[in-house]
Amino acid sequence: MMKTRPFFLRKNTTSYQQKQLLKTIKNLAKNDCKTKEIVINDHDFTEESIAQLSISFVGNTQARVVYLQNCNITARGAYLLAYALKKNSSIEHMWLNGNNIDDSGVKAIAYALRDNCTLKTLGLGDNNISNSGGKYICKALKYNTFVTDVYLEGNQISDKILNKINDRCNRETLDVIWENSSTSTLGSSEEDLSVSNNFTLTSSFVKKMLSSIQEEDEDAFDERGTERRSFVAMCA
């Protein structure tokens, strides 16, 4: 049996972290068959680095488990990861606990789940999510029947909303976990997106990527299923 190697990125010097991160991104971009578990906890991501990682996930078919916990990922970073989830067809478990994704970031992820059919576990604990974010997740799971575990501990979501997730999805397999929650064209060409060849992303590139998400974004849904919105509009 082929052994797979998880990529762990631990706290160390900034230069060491960046070197290991780029190595991981390169392996993901090359679709390395041994790169199935990505563990990048406690890393201070910039928008550029989260954009690099997101792009590398888009065409990857090998990654199965992704840990990005306590990585200073904001709502804007969540929009980039949401784009990756829309396009990726292999990730089954994603842990984003301990970031600052908040309601608008969760909204983007919720929209992405409408197009994703592989994700089973989503960890969103301790992300400054309120009842509004909980409702977005609830709506997303009406359309997505593949997610079976949602971790929401440490957020400000009422028990009523958390219970409603189960009620509205009406799926016995859904396991919502909390602990007293109340307490395309991304660029101008494929070559421009080759993370394995070019690791330097500028702020203008990130803006272009976010803009492209806006262009590709499908009709969003509200309580009546009629509202049109985009990821970029949410982060403005």
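These numbers come from a predicted model, not from an experiment.

A. Here's a closer look at the environment of Tyr83. Tracing the backbone through its elements, the reader meets Tyr83 in helix H3 (residues 75-87). Between the alpha carbons of Tyr83 and Asp115 there is a distance of 10.0 Å; along the sequence they are 32 residues apart.

B. Summary view of the confidence of the model for the protein chain. Averaged over all residues, the pLDDT of the protein chain equals 76, while 64% of them reach at least 70. pLDDT under 50 marks residues 179-201. Its contacts with residues more than four places away, or in other chains, come to 44 contacts. Under a pLDDT of 50 for its full length, residues 218-236 has, in the predicted model, 43 contacts with residues more than four places off or in other chains.

C. The pattern of salt bridges, seen in detail. Following the criterion strictly, the structure yields two salt bridges and no others. A salt bridge links Arg76 to Glu47; the nearest nitrogen and oxygen atoms lie 2.6 Å apart. Taken together, the residues Arg76 in helix H3 and Glu47 in helix H2 (residues 47-58) connect sequence positions 29 residues apart. Salt-bridge contacts for Lys86 lead to Asp115; the nearest nitrogen and oxygen are separated by 3.9 Å. On the criterion of sequence distance, the pair formed by Lys86 in helix H3 and Asp115 in the loop between helix H4 (102-113) and strand E5 (121-123) is long-range, its members being 29 residues apart. Residue classification places Lys86 among the buried positions, given a relative accessible area of 14%.

Reading the values: the criteria
- Residues numbered from 1 in each chain as written.
- Predicted model: local features only at pLDDT ≥ 70, side-chain atom pairs only at ≥ 80, totals over all residues.
- Heavy atoms only, no water.
- Helix = DSSP H or I, 4+ residues; strand = E, 2+ residues; numbered from the N terminus.
- pLDDT = per-residue confidence, 0-100.
- Contact = heavy atoms within 4.5 Å.
- Salt bridge = Lys/Arg side-chain N within 4 Å of Asp/Glu carboxyl O.
- Buried < 20%, exposed > 50% of the residue type's maximum accessible area, 1.4 Å probe, protein only.

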